[in-house]
Amino acid sequence: MIDLIGNFIIAADAWTGNIQNEMDARYVEQSSLTNLFTEHKFWGWAGLLSIFVALAAIFYFQFQAWEQEDQEQK
C-alpha cells in the first residue's frame, strides 16, 4: 500500500513538472512597457525623462511656494 502511494506521488510529480515545462516553453512576453524600452528605445527613455522632469518641477515649485509662505509669515 505504501509503495502504491509512493508511486502515485512520483507519477503526479513528474506529470505536474511536465506541464510546468510546457508552459514555460510557450510563454512569450507581451508587455507594452518592455517593448517600449527594447524596440523603441528613444521614446521609452524620452518618456521616462519627461516624467522625471515633470516630478522634479512639481516638487521644486511646491517647495518654492512653501518657502514664500514661510517668508510672509515672518
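Our structure's up above, just so we're on the same page.
Residues numbered from 1 in each chain as written. Predicted model: local features only at pLDDT ≥ 70, side-chain atom pairs only at ≥ 80, totals over all residues. Heavy atoms only, no water.

Moving on, we get to the overall build of the chain. The number of helices and strands found in the chain is 3 helices and 0 strands. Here the chain, with 74 residues, has 1% of them falling under the buried criterion. As presented, the chain carries roughly 7100 Å² of accessible surface, and 66% of it is formed by carbon and sulfur atoms. (Helix = DSSP H or I, 4+ residues; strand = E, 2+ residues; numbered from the N terminus. Buried < 20%, exposed > 50% of the residue type's maximum accessible area, 1.4 Å probe, protein only. Areas by Shrake-Rupley, 256 points an atom, 1.4 Å probe, with all protein chains shown as cover.)

All right, on to a nonpolar patch on the surface then. Where nonpolar side chains cluster on the molecular surface, the patch consists of Ile51, Leu55, Ile58, Phe59, Phe63 and Trp66 and spans about 650 Å² of accessible area. Residue placement: isoleucine 58 occurs in helix H3 (residues 41-73). (Patch = residues over 30% accessible without salt bridge, like charges linked within 9 Å, V, L, I, M, F, W, Y side chains within 5 Å. Salt bridge = Lys/Arg side-chain N within 4 Å of Asp/Glu carboxyl O.)

Turning our eyes to something else, we now look at the packing of aromatic side chains. Using the criterion set out here, one finds 4 aromatic pairs in the structure. Arranged with centres 5.2 Å apart and planes meeting at 75°, the rings of tyrosine 60 and phenylalanine 61 form a pair that is edge-to-face. Residue classification places phenylalanine 61 among the exposed residues on the basis of a relative accessible area of 56%. Ring plane angle 65° and centroid distance 5.3 Å describe the contact between phenylalanine 63 and tryptophan 66, whose orientation is recorded as edge-to-face. Residue phenylalanine 63 and its partner tryptophan 66 are both found in helix H3; the two are separated by 3 residues, about one turn of the helix. (Phe/Tyr/Trp six-rings, centres within 6.5 Å; stacked < 30°, edge-to-face > 60°.)

A few words on a negative patch on the surface. On the surface, a cluster of negative charge is contributed by Glu67, Glu69, Asp70 and Glu72. You can see glutamate 67 is positioned in helix H3. (Lys, Arg positive; Asp, Glu negative; His and termini not counted. Charge placed at Lys NZ, Arg CZ, Asp CG, Glu CD.)

Just distances and angles here, no functional claims.
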